[in-house]
Amino acid sequence: MINFEDFMKVSDLAGQKCKPFFKPSVFAKLLQSDPYGRISIMQFFNYVMRKVWLHQTRIGLSLYDVAGQGHLKESDLENYILELIPTLPQLDGLEKSFYSFYVCTAVRKFFFFLDPLRTGKVKIQDILACSFLDDLLELRDEELSKEVQESNWFSAPSALRVYGQYLNLDKDHNGMLSKEELARYGTGTLTDVFLNRVFQECLTYDGEMDYKTYLDFVLALENRKEPQALQYLFRLLDVQNRAFLNVFALNYFFRAIQEQMKLHGQEPVSFQDIKDEIFDMVKPKDPLKISMNDMVNCGQGDTVVSILIDLNGFWTYENREVLVTDDSEV
C-alpha cells in the first residue's frame, strides 16, 4: 500500500515520461476504502499496464485503418486478426487451412456487437472499450484452463465447435445451409415460422445461408440477453415491419409453438394466457404494443423470444417452477 505523499515522491523520482500516471486524479480513482487513505501498489501497477496496453493496441489497430478515419472495415479487422494469430500460443494448433474460417468467426463477434446498424465499420475507440480484445489477447496465456477456453468465443475449441456445428448441419456438403438444414440447429425445436423469417430477413444466396450469416444467427441465439442480439431477433419477430410487436405478431409466432405441442402429443397452451404473461413480463409503455426498448428495458426479453420461437425454450419457461424445485433438491 502507498499513501498520497509517497505516491508524489515516487512521481518525482520516476521521471517525466511517467508523469501522466502519477496525477492526483489517478490516485483518487484508485482510492478504495482504506482507513489510512492509501492505494494498492498492485492495483496501480495493473492500471499502468492497462493504460500502456491500450496505447500500444490503439497504435496497432490504427496501422490497419486504411482510410485514417478512426474506424476499421471488416477487411481491416480481418487483416489485424490474421496477423495476430502467430502471437497467440493458444492458437498454435490451428491448421493454416482453418485460418480464414477462424478470422471470419472472430471478426463476426466484433461486428455483430459493435456495428448493430450494419454500417460495415467499427470505431477503434469502441474496439478498445469493449472486452473482446481482452478475450482475444487472453489467448497469449499458454496455460488457459479448458473451462476458460470453452467460454471464450475466440479460443480454438470454441471456433472449431461453431464451425463443426455448421459442417454437421450442412448435410449436402455444398458449403451453405438451407432452411431444412438449419432446422436441426441446437435441439432442433426452433419453429418453422421463425426459420422462415430468418431466411426472409437475413442475407442468403439462392435461398441458402453462408457461414458469415450463420455466425450472426448463432451469436444472436447464444447471447439473447444482450441488446444487440435482441435487436437482431426483434427484427425477425416484427413480421409487419412496424417497429413494434402487437397481439397479431405474438399470435403469428405462438401458433407454431402450439402446432409443435400437438405434434408431440401435448395439450396446446392458450394463446390468451401466454399473451397476458408476455405483456406482464415486458410492461410496455403502450399497453397494446411492445417496442424494442421495452424488450431491452424489461430484462426478460430473452425469455419472451424463447417462448415465441423455440418449443424447448417455451417448455423451459412453462416448467420453470418445477425446474427450480428440482435444482434446489439436488
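Calculation notes
- Residues numbered from 1 in each chain as written.
- Predicted model: local features only at pLDDT ≥ 70, side-chain atom pairs only at ≥ 80, totals over all residues.
- Heavy atoms only, no water.
- Helix = DSSP H or I, 4+ residues; strand = E, 2+ residues; numbered from the N terminus.
- Buried < 20%, exposed > 50% of the residue type's maximum accessible area, 1.4 Å probe, protein only.
- Areas by Shrake-Rupley, 256 points an atom, 1.4 Å probe, with all protein chains shown as cover.
- Lys, Arg positive; Asp, Glu negative; His and termini not counted.
- Charge placed at Lys NZ, Arg CZ, Asp CG, Glu CD.
- Salt bridge = Lys/Arg side-chain N within 4 Å of Asp/Glu carboxyl O.
- Expected span 1.5 Å × (residues − 1).
- Arc of directions from axis to C-beta.
- Contact = heavy atoms within 4.5 Å.
- Polar contact = N/O pair within 3.5 Å; in protein donor to acceptor, adjacent residues only side chain to side chain.
- Disulfide = S-S within 2.5 Å.
- pLDDT = per-residue confidence, 0-100.

**Details of the overall build of the protein chain**
In step 1: Tallying secondary structure elements over the protein chain gives 19 helices and four strands in all.
In step 2: Structurally, the protein chain occupies a C-alpha span of about 75 × 50 × 45 Å along its principal axes.
In step 3: Per-residue burial over the protein chain gives 45% buried out of 330 residues.
In step 4: Looking at the protein chain as shown, the accessible area adds up to about 18100 Å², and 53% of this sits on carbon and sulfur atoms.
In step 5: One way to put it: in the protein chain the 35 positive side-chain charges average out to a point 7 Å from where the 49 negative ones average out.

**Observations regarding the pattern of salt bridges**
In step 1: Under the definition given, this model contains 15 salt bridges.
In step 2: Of the charged contacts, one joins aspartate 216 and arginine 108 as a salt bridge, the two residues approaching to 3.0 Å between their closest N and O atoms. Residue aspartate 216 is found in helix α12 (residues 211-222), and its partner arginine 108 is found in helix α5 (residues 99-114); the two are separated by 108 residues along the sequence.
In step 3: Residue aspartate 216 is classed as buried on the basis of its relative accessible area of 10%.
In step 4: Across the pair glutamate 201 and arginine 197 runs a salt bridge, and its minimum N-O distance is 3.3 Å. In this pair, glutamate 201 and arginine 197 both sit in helix α11 (residues 192-201), four residues apart, roughly one turn of the helix.
In step 5: Salt bridges sharing partners connect three or more residues here, namely Glu74, Arg108, Lys212 and Asp216.

**A closer look at helix α15 (residues 271-282)**
In step 1: Under the 1.5 Å per step criterion, the end-to-end length of α15 is 16 Å for twelve residues, consistent within 8% with the ideal 16 Å.
In step 2: Restricting attention to buried positions, one finds in α15 the residues Phe271, Ile274, Lys275, Ile278, Phe279, Met281 and Val282. Looking down the long axis of α15, one finds its buried residues gathered within 160° of arc, a one-sided arrangement.
In step 3: Elements in contact with the buried residues of α15: α14 (247-263), β4 (290-291), α16 (292-297), α17 (301-309) and α18 (311-318).
In step 4: Of the residues that open α15, the one with a side-chain oxygen 3.2 Å from the backbone nitrogen of glutamine 272 is serine 270.

**A short note on the state of the cysteines**
In step 1: Applying the stated criterion across every chain yields a total of zero disulfides.
In step 2: This cysteine, cysteine 202, is not joined by any disulfide, and cysteine 104 carries the nearest cysteine sulfur, 15 Å off.

**Description of the confidence of the model for the protein chain**
In step 1: Overall, the prediction assigns the protein chain a mean pLDDT of 90, with 97% of residues at 70 or greater.
In step 2: Averaged pLDDT values for the elements of the protein chain fall to 55 in helix α19 (residues 320-329) and rise to 97 in α12.

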